[in-house]
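Read off the chains here:
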Amino acid sequence: MGAEHFDVVVVGAGISGIAAAHHLQTRCPNLSFLVLERRASFGGTWDLFKYPGIRSDSDMFTMGFEHRPWGSPKLIAPKEDILAYLKKTIDDGGLAKHIRFHKNIVTADWNTSQAR
C-alpha cells in the first residue's frame, strides 16, 4: 500500500478523539484527517476498563459533546450508556470512515521547514 497524506492525524478514538474528528469535519471541511486507535474499538477509557459497575465520576452534561448534548436523565452514567452515546455520535456524524483500529503509533516526526 502506498503512502497516504492527511492534513491532520488524531491519536486515539476516545471522547477527545471523537470530539476532534467532529470539529475537523464540521469546522475544517477542506482538511483531510484520520483517527488512529491502538485498540480494537472506540471509547478509550470506557472501552479499556472492564471492572463491574464502572461509571462516570463527572456528570455527563459536563462531559458530553457540545454538538450532541447528553440526553439521558442519568447524570452519572454507566459505561454502557457512555459507549452507546459515543457510538451514536460516530454513526450519526459519519465519523467511522475516518477511524482506523489496531494502529499502534511508534514514532512521529515533524519537519518545521516543510511544516509537515
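The following refers to the structure shown. (Residues numbered from 1 in each chain as written. Predicted model: local features only at pLDDT ≥ 70, side-chain atom pairs only at ≥ 80, totals over all residues. Heavy atoms only, no water.)

Comments concerning the packing of helix α1 (residues 15-27) against helix α4 (residues 79-93)
Between α1 and α4, the shortest axis-to-axis distance is 11 Å and the interhelical angle comes to 20°. Here α1 is positioned roughly parallel relative to α4, judged by the angle of their axes. Seen along the crossing, α1 lies across α4 with a hand that is left-handed. Listed contacts from α4 to Ile15, Ile18 and Gln25 of α1 are Leu86, Thr89, Ile90 and Gly93. Counted by class, the contact of α1 with α4 contains 4 nonpolar, 3 polar and no charged residues. (Axes fitted to C-alpha atoms, helices over the stretch in contact; angles between N-to-C directions. Helix = DSSP H or I, 4+ residues; strand = E, 2+ residues; numbered from the N terminus. Parallel < 35°, antiparallel > 145°, perpendicular 65-115°, else oblique. Left-handed = near helix turned anticlockwise from the far one by under 90°. Contact = heavy atoms within 4.5 Å. Nonpolar A, V, L, I, M, F, W, Y, C, P; charged D, E, K, R; others polar.)

Examining a nonpolar patch on the surface
A cluster of nonpolar side chains, Val9, Val11 and Ile105, forms an exposed patch at the surface whose accessible area comes to about 260 Å². Tracing the chain through its elements places valine 9 in strand β1 (residues 8-11). (Patch = residues over 30% accessible without salt bridge, like charges linked within 9 Å, V, L, I, M, F, W, Y side chains within 5 Å. Areas by Shrake-Rupley, 256 points an atom, 1.4 Å probe, with all protein chains shown as cover. Salt bridge = Lys/Arg side-chain N within 4 Å of Asp/Glu carboxyl O.)

Topic: the pattern of salt bridges
Under the criterion given, the structure shown has 7 salt bridges. Across the salt bridge formed by lysine 74 and aspartate 81, the nearest N and O atoms sit 3.0 Å from each other. With relative accessibility at 41%, the residue lysine 74 sits in the partly exposed group. In this structure, the salt-bridge partner of lysine 88 is aspartate 92, at a minimum N-O distance of 2.8 Å. Placement of the pair is lysine 88 and aspartate 92 together in helix α4, with a separation of 4 residues, close to one helical turn. By sharing partners, the salt bridges in this structure join Arg39, Asp47 and Lys50 into a single network. (Buried < 20%, exposed > 50% of the residue type's maximum accessible area, 1.4 Å probe, protein only.)

Observations concerning the side chain of aspartate 47
Positionally, aspartate 47 belongs in helix α2 (residues 45-48). Accessibility expressed as a relative area gives 12% for aspartate 47, which makes it buried. Side chain to side chain, aspartate 47 and arginine 39 meet in a polar contact 2.8 Å long. Apart from residues no more than four positions distant in its own chain, aspartate 47 is found in contact with Arg39, Ser41, Phe42, Lys79 and Leu83. (Polar contact = N/O pair within 3.5 Å; in protein donor to acceptor, adjacent residues only side chain to side chain.)

Points about α4
The first and last C-alpha atoms of α4 sit 21 Å apart over 15 residues, in line with the 21 Å expected at 1.5 Å per residue. Listed in full, the buried residues belonging to α4 are Lys79, Ile82, Leu83, Tyr85, Leu86, Thr89 and Ile90. When α4 is viewed along its axis, its buried side chains cluster within an angular range of 155° and face the same direction. Among the structural elements, α1, α2, α3 (60-63) and β3 (99-100) are those in contact with the buried residues of α4. One or two positions beyond α4, positive phi appears at glycine 94, with a value near 65°. (Expected span 1.5 Å × (residues − 1). Arc of directions from axis to C-beta.)

Some thoughts on the pairing of β1
Strand direction decides the pairing type here: β1 and strand β2 (residues 33-36), joined by 4 bridges, are parallel. Residue pairing across strands places valine 10 opposite valine 35, the latter belonging to β2. On the question of chirality, the crossover connecting β1 to the parallel β2 by way of α1 is right-handed. (Pairing = 2+ DSSP bridges. Right-handed = clockwise from strand over helix to strand, strands pointing away.)

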